[in-house]
Amino acid sequence: MKRLTLILILFTVFLAASAQKYITKNGYIGFFSHTPMEDIKGDNNQVASILDISTGDIVFQVLIKSFHFDRALLEEHFNENYMESDKIPKSSFKGKITNLSFVDFKKNGIYEVTVEGDLTIHNVTNKISIKGTIEVVTGGINANSKFNIVPEDYKINIPDLVRGKIAQNLEVTVSMKYSSM
Amino acid sequence: MKTPVKIALAVVLLIAIAGIGGALYLYNLKPQDLNKVKPHFVMTSADLQKAFETDESASSAKYINKIIEVTGEIASVKQGEKNFINISLRTSNDLSSVNCTFPSSDTTFFKTGSLITVRGICSGFLMDVLLKNCAIVEGTK
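Residues numbered from 1 in each chain as written. Chains lettered and ligands numbered in written order. Predicted model: local features only at pLDDT ≥ 70, side-chain atom pairs only at ≥ 80, totals over all residues.

S.K.: For this particular structure, what's the right way to read the overall build of chain A?
M.R.: Assigned secondary structure in chain A consists of 3 helices and 8 strands. Put simply, chain A runs from its N terminus to its C terminus through helices and strands in the order α-β-β-β-α-β-β-β-β-α-β. Across the 181 residues of chain A, 28% fall into the buried class. Taking contacts inside chain A between residues at least 6 apart in sequence as the whole, the part at least 24 apart equals 57%. (Helix = DSSP H or I, 4+ residues; strand = E, 2+ residues; numbered from the N terminus. Buried ≥ 20, exposed ≤ 12 C-beta atoms within 10 Å, placed from the backbone. Contact = placed C-beta atoms within 7 Å.)

S.K.: Would you mind showing me how to read the overall build of chain B here?
M.R.: Each helix and strand in chain B was counted, giving 3 helices and 6 strands. Listing every helix and strand of chain B by position from the N terminus yields α-β-α-α-β-β-β-β-β. For 141 residues, the compact-globule estimate of 2.2 N^0.38 gives 14 Å, and the C-alpha radius of gyration of chain B, at 21 Å, exceeds that figure by more than 25%. Looking at chain B as a whole, 33% of its 141 residues are labelled buried. Restricting to contacts in chain B with at least 6 residues of sequence separation, those with at least 24 account for 62%. (Rg over C-alpha atoms; globule rule 2.2 N^0.38 Å.)

S.K.: Please clarify how the interface of chain A and chain B should be interpreted in this entry.
M.R.: Buried accessible area, meaning the area lost when the parts come together, often serves as the stated size of an interface. With 19 residues of chain A at the contact, the number on the chain B side is 24 residues. If you list the elements that add at least two residues to the side of chain A that touches chain B, you get strand E1 (21-34), strand E2 (39-52), strand E3 (57-63) and helix H2 (72-82) of chain A. Residue classes in the side of chain A that touches chain B are distributed as 6 nonpolar, 8 polar and 5 charged. (Nonpolar A, V, L, I, M, F, W, Y, C, P; charged D, E, K, R; others polar.)

S.K.: Explain the sheet that holds strand E8 (residues 170-180) of chain A here, please?
M.R.: Paired through backbone hydrogen bonds, the strands of a sheet run either parallel or antiparallel to each other. All names here are of chain A. With respect to topology, 8 strands assemble into a closed barrel ordered E1-E2-E3-E4-E5-E6-E7-E8, the strand pairing being antiparallel. Strand-to-strand twist in this sheet, taken as the mean axis angle between neighbours without regard to direction, amounts to 25 degrees. Pairing of strand E4 (residues 90-97) with strand E5 (residues 109-121) involves 6 bridges; the strand directions are antiparallel. Along E5, the bridge assignment pairs Ser-92 with Thr-120. (Pairing = 2+ DSSP bridges. Axes fitted to C-alpha atoms, helices over the stretch in contact; angles between N-to-C directions.)

S.K.: What should I look at first to understand the pairing of E5(A) in this one?
M.R.: Consecutive residues of a regular strand have side chains that alternate between opposite faces of the sheet. Residues and elements named next belong to chain A. Across 13 bridges, E5 lies against strand E6 (residues 124-137) in antiparallel orientation. Bridge pairing in E6 links Tyr-111 to Ile-134. The antiparallel pairing of E5 with E6 creates a hairpin that spans 2 residues between the two strands, and His-122 there sits at a positive phi of about 60 degrees.

S.K.: Hey, could you run me through the domain arrangement of chain B in this one?
M.R.: Under the domain assignment, chain B is made up of domain 1 (1-30) and domain 2 (34-138). Of note, the centres of domain 1 of chain B and domain 2 of chain B, computed from C-alpha atoms alone, are 43 Å apart. (Domains from an automatic or database assignment.)

S.K.: Explain the nonpolar core to me, please; I cannot follow it from the model alone.
M.R.: A general feature of soluble globular proteins is that nonpolar side chains tend to end up buried together. Residue and element names in this part refer to chain B. Core analysis: the largest hydrophobic core is formed by 52 residues, its most contacted members being Ile-68, Val-70, Val-98, Cys-100, Val-129 and Leu-131. A per-element tally of this core places strand E5 (residues 115-125) first, with 5 residues. Discounting chain neighbours no more than four positions away, the residues touching Val-70 are Met-43, Thr-44, Ser-45, Leu-48, Leu-89, Val-98, Val-118 and Leu-131. (Core = buried A, V, L, I, M, F, W, Y, C linked by C-beta atoms within 7 Å.)

Here you go:
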């Protein structure tokens, strides 16, 4: 009986702890590059992310090879020449919502948040701070953000010959639909 | 102009046109339609997931960038962003699936609980085994 009580207590604690964590394995991250010569976009609908609403911790992981392009040659160049995805298959972000108290997770609505943390692309880690929104909806949480990154900050070398075709600042779009873990 | 010179010019011109044509063709080439190519591997979603769970590095070397035809039960169907559909196929691990992305917005053929066979290019393993640019082979269609 004691054992059963212990199991029940542990189970309750586990449930309480897990209710704080939200997960998605089909989050979206896309990037867009606009120059007068060419528009390039890559879309990835297989981003894994976990959000802990009790601490504000948020992590993202993405496989570089999961990015989809309209044209096969772009995908090849992206993987082989720029991201070297055979050697460096993943990118990740690990950070925290810094104004967590602004978000009422019990009340549906859209809340402006700031997220700070480490963004690792191409094995180079940079501290970033970005603005985004947390949307509390019935049965889940959505997170959205748009920010810019500079390829050279992540030691992604773009040859002079094609530099004019790729924007200095790439626009990154993040869209997550979390459900309770 | 002498005839040999004319011929030489014509040849150069032809090569140039072929070159430009070839470059344009490559430049505009769409991602492969996987229904028109043979898969490298044919297996169940459970076996594919198990392979990555047991030995990720060996399975990465074996399956990444390869076309895999996989059969499994649909655990969930989700509308992704920018006209993509995500489906996950059940495996023997409840926390890890085979996650397939289709460049389409038509969910007609995807029904939770039914068996489906899809072809996709393996991009590796996160929490799930990821397949992209998928096409339906048979099943609910």
